[in-house]
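# Structure at a glance
What follows is each chain in one-letter form.
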Amino acid sequence: MHMNYSKMLSCGHQGVPFGYPLCTHVRVAREGYLSCVRWYTGRGLDSERLCGDCAAARRRGEAVDVALVCEACFAIATEDISEVTSVGGQPEIRTRDEAISKTIVRTLFPESMGPVLDVAPINELFGAKWLVLASNGALVRFDSDSGVCEQLVTLTLQAAAPAEPWWSRVNARLHVSGRGEFAAVVNDYGCDGTIVDLRTGAITISLEGGNYKSNTVPYAFAFVDANGRTLAIHRTKWNRLDVSDAATGALLTTRESPSALPGGPDPGRYRDYFHGALVVSPHGRRILDDGWIWHPVGVPTTWSVERWIAGNVWESEDGESRRRLAWRSYYWNRGGCWLDDARVAITGIGDDDEAMLDGALIFDVTAPVKAGQCPEPTMTIPGPAGTLFSDGVSLFSADAKGLSRWSLSGGALTGRIAGFRPGYYHRGACELVQRDGSALIRWRIG
Ligand SMILES: [Zn+2]
Ligand SMILES: [Zn+2]
């Protein structure tokens, strides 16, 4: 019966069609190089590989000859003869009309606060409480429901050391612990920061991350609550993260930095990895690191915070729980969020920033993987772009088009709010929030 599968293919060989359709020029070329378009056909995520001329014809609405070839001819066409350098067409974006609240509340900060540098949601306190960093260094707790404000501490903000802008200029970024007891003000795309105990005003840790290519990444930092303690995960070198007790500054991950050089300490553990923005899962069990590897390939990576702080100080280098989700040239500092403590979503379908399709990949990072391999996404949703958030029920993406809501069962677009582009998720208050100067623009999920 299997014999029936075999047939004469467009390449002239008897066999089973392999891969996806190719234009005639890509199919027949046996020398030279063709810069190609990955053309999405509008049926699911089906795509074809078209040369520049065929892609132009497709854009004009003309018929283009595409066909499948055998495995050997596919390998020659896609590995030796041509390379995908851009995407075209559209994938199928499924939509399902569901009710979505259009109620948006605008809450102003009191004028006395002055200009605001950044805000951070206090997720574990009752109500919709925020920590606000004013430009004069004041850290203010702000209840966005009642408007009540309480100035806690004033920091002396250091002018950030000038750095060659690459991704972005150095800018102050505020982090706050779950119950609002500690804050960190760090310099994204810079190399330093400060942790302050908001109950006493004491500076507990002066953060030093080193300046090696620090202008390529937000300062790697996250608070996590573990067994009643607040821990800080922070960059101490371009390729090293540490965990410290936020209250005492005690280091929990004492280890000698591995060396790339033979004869140095632990060369097998050396990682050529520039740590980037960190996102901790809802209960602090895992972490997503949006970092990159020379020469520049974004490699979003996850590992278990629980294992890391329970004693394996190397979990961030080569722990059993470590998962490298994808390899994408020039593609990092992108959207990423946890759906729960096992599933994580990242933006971007493709492997090069010049040929990426808007979309989200979802991984279960608790599933076993073969050594050295990336896990397969459990779901691919074409469409989401920009910043990602999730309450575990839906995936939200925020970009220039506004806020979009995507179903986690099936991936359909279930609602959109044009013109609303939140940058924060207040998990405690179930709100997505955009900061607009001295106002919070708030939208309640569900
Ligand atoms: Zn062609
Ligand atoms: Zn063939």
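Residues numbered from 1 in each chain as written. Chains lettered and ligands numbered in written order. Predicted model: local features only at pLDDT ≥ 70, side-chain atom pairs only at ≥ 80, totals over all residues. Heavy atoms only, no water.

### With respect to the sheet that holds strand β28 (residues 357-364)
- In spatial order, the strands read β26-β27-β28-β29; together these 4 strands make up an open sheet with antiparallel pairing. Looking at which strands have only one partner, the edges of the open sheet turn out to be β26 (336-338) and β29 (379-382). This sheet shows a mean twist of 20 degrees between the axes of neighbouring strands, independent of strand direction.
- As judged from the 4 bridges shared by β28 and β29, these two strands associate in the antiparallel manner. Residue pairing in the sheet places Ile-362 in a bridge with Met-379 of β29. (Pairing = 2+ DSSP bridges. Helix = DSSP H or I, 4+ residues; strand = E, 2+ residues; numbered from the N terminus. Axes fitted to C-alpha atoms, helices over the stretch in contact; angles between N-to-C directions.)

### Comments concerning the coordination of the zinc ion (ligand 2)
- Summarising the metal site, the zinc ion (ligand 2) is bound by the protein donors Cys-11 (SG), His-13 (ND1), Cys-70 (SG) and Cys-73 (SG), whose distances to it range over 2.1 to 2.3 Å.
- According to the relative accessible area criterion, His-13 is partly exposed, its value standing at 38%.
- The class for Cys-70 is buried, based on a relative accessible area of 10%. (Donors = N, O, S within 2.8 Å, 3.2 Å for Na, K, Ca; no water. Buried < 20%, exposed > 50% of the residue type's maximum accessible area, 1.4 Å probe, protein only.)

### Focus on the coordination of the zinc ion (ligand 1)
- Surrounding the zinc ion (ligand 1) are the protein donor atoms Cys-23 (SG), His-25 (ND1), Cys-51 (SG) and Cys-54 (SG), at 2.1 to 2.3 Å.
- Angles of 95 to 119 degrees at the metal separate the 4 donor atoms of the zinc ion (ligand 1), which places the site in the tetrahedral class.
- Linear spacing of the donor residues for the zinc ion (ligand 1) on their chain is C-x1-H-x25-C-x2-C. Taken together, the residues Cys-23 in strand β3 (residues 18-23) and Cys-54 in helix α2 (residues 52-59) connect sequence positions 31 residues apart.
- Accessibility expressed as a relative area gives 7% for Cys-54, which makes it buried. (Tetrahedral: all angles 85-135°; square planar, octahedral: opposite > 155°, others 65-115°.)

### Re the sheet that holds strand β14 (residues 182-188)
- With antiparallel pairing, the 4 strands of this open sheet are ordered in space as β13-β14-β15-β16. Every interior strand has two partners, whereas the edge strands, β13 (171-176) and β16 (203-208), have only one. Between one strand axis and the next, the sheet turns by 15 degrees as a mean value, whatever way the strands run.
- Relative to β16, strand β15 (residues 192-197) runs antiparallel, the two sharing 5 bridges. Paired with Asp-192 across the strands is Glu-208, a residue of β16.

### As for α2
- Among all positions in α2, only Cys-54, Ala-55 and Ala-57 are buried. One face of α2 carries all of its buried residues, which in axial projection span an arc of 160 degrees. Opposite its buried face, α2 presents the exposed residues Asp-53 and Arg-59, each directed more than 90 degrees away.
- Looking at the buried residues of α2, the elements they touch are β3, α1 (24-28), β4 (34-41) and β5 (47-51).
- Once α2 finishes, Gly-61 follows within two positions and takes phi at roughly 85 degrees, a positive value. (Arc of directions from axis to C-beta. Contact = heavy atoms within 4.5 Å.)

### Description of the packing of aromatic side chains
- Per the counting criterion, the structure on display carries 15 aromatic pairs.
- With centroids separated by 5.9 Å and ring planes inclined at 90 degrees, the aromatic side chains of Trp-130 and Tyr-424 adopt a geometry described as edge-to-face. Of this pair, Trp-130 sits in strand β10 (residues 129-134) while Tyr-424 sits in strand β34 (residues 424-426), and the two are 294 residues apart along the sequence. For the pair Trp-130 and Tyr-424, a shared accessibility class is recorded, and that class is buried.
- Each ring, one from Tyr-212 and one from Trp-238, has its centre 5.4 Å from the other, and the planes form 75 degrees; the classification is edge-to-face. With Tyr-212 in the loop between β16 and β17 (221-226) and Trp-238 in the loop between β18 (229-237) and β19 (240-245), this pair connects stretches of sequence that are 26 residues apart.
- Judged by its relative accessible area of 12%, Trp-238 falls in the buried class.
- Through a chain of ring-to-ring contacts, the aromatic side chains of Trp-166, Tyr-212, Trp-238, Tyr-270, Phe-274, Trp-292, Trp-294 and Trp-332 assemble into a single cluster. (Phe/Tyr/Trp six-rings, centres within 6.5 Å; stacked < 30°, edge-to-face > 60°.)

### Re empty space enclosed by the protein
- In the structure shown here, the tally under the stated rule is 2 cavities of 30 Å³ or more.
- Empty space within the largest cavity amounts to approximately 80 Å³.
- Surrounding the largest cavity, Lys-237, Asn-239, Arg-240, Arg-255, Ser-257, Pro-258, Arg-269, Tyr-270, Arg-271 and Glu-317 form its lining.
- When the residues that make up the lining of the largest cavity are grouped by side-chain class, the tally is 2 nonpolar, 2 polar and 6 charged.
- Within this model, the second largest cavity holds a volume of roughly 60 Å³.
- For the lining of the second largest cavity, the secondary structure elements donating two or more residues are β20 (273-280), β23 (301-304) and α5 (315-318).
- Of the residues belonging to the lining of the second largest cavity, the class tally is 2 nonpolar, 4 polar and 3 charged. (1 Å grid on protein atoms, 1.4 Å probe; cavity = no way out; pocket = protein on both sides within 12 Å on 5 of 7 lines; lining within 4 Å. Points joined across faces, edges and corners; volume = space filled by probe spheres on them. Nonpolar A, V, L, I, M, F, W, Y, C, P; charged D, E, K, R; others polar.)

### As for the layout of surface pockets
- One number sums up the size of the second largest pocket: a volume of about 650 Å³.
- Around the second largest pocket, the lining comprises 29 residues; the ones closest to its centre are Arg-38, Ile-349, Gly-350, Asp-351 and Asp-352.
- Secondary structure elements with two or more residues in the lining of the second largest pocket: β4, β7 (82-90), β27 (343-349) and β28.
- The leading source of residues in the lining of the second largest pocket is β7, at 5 residues.
- Residue composition of the lining of the second largest pocket, grouped by class: 15 nonpolar, 6 polar and 8 charged.

### Notes on the side chain of Arg-255
- Along the chain, Arg-255 turns up in the loop between β19 and β20.
- Only 2.9 Å separates the side chain of Arg-255 from the backbone oxygen of Leu-241, close enough to count as a polar contact.
- Here Glu-317 takes part through its side chain, which lies 3.0 Å from a polar atom of the side chain of Arg-255.
- If sequence neighbours within four positions are ignored, Arg-255 has contacts with Arg-240, Leu-241, Asp-242, Val-313, Trp-314, Ser-316 and Glu-317. (Polar contact = N/O pair within 3.5 Å; in protein donor to acceptor, adjacent residues only side chain to side chain.)

### Remarks on helix α3 (residues 71-81)
- What α3 keeps buried is the set Cys-73, Phe-74, Ala-77, Thr-78 and Ile-81. In an axial view of α3, the angular spread of the buried residues amounts to 120 degrees, which keeps them on one side of the axis. Seen from the open side of α3, the exposed residues pointing more than 90 degrees away from its buried face are Glu-71, Glu-79 and Asp-80.

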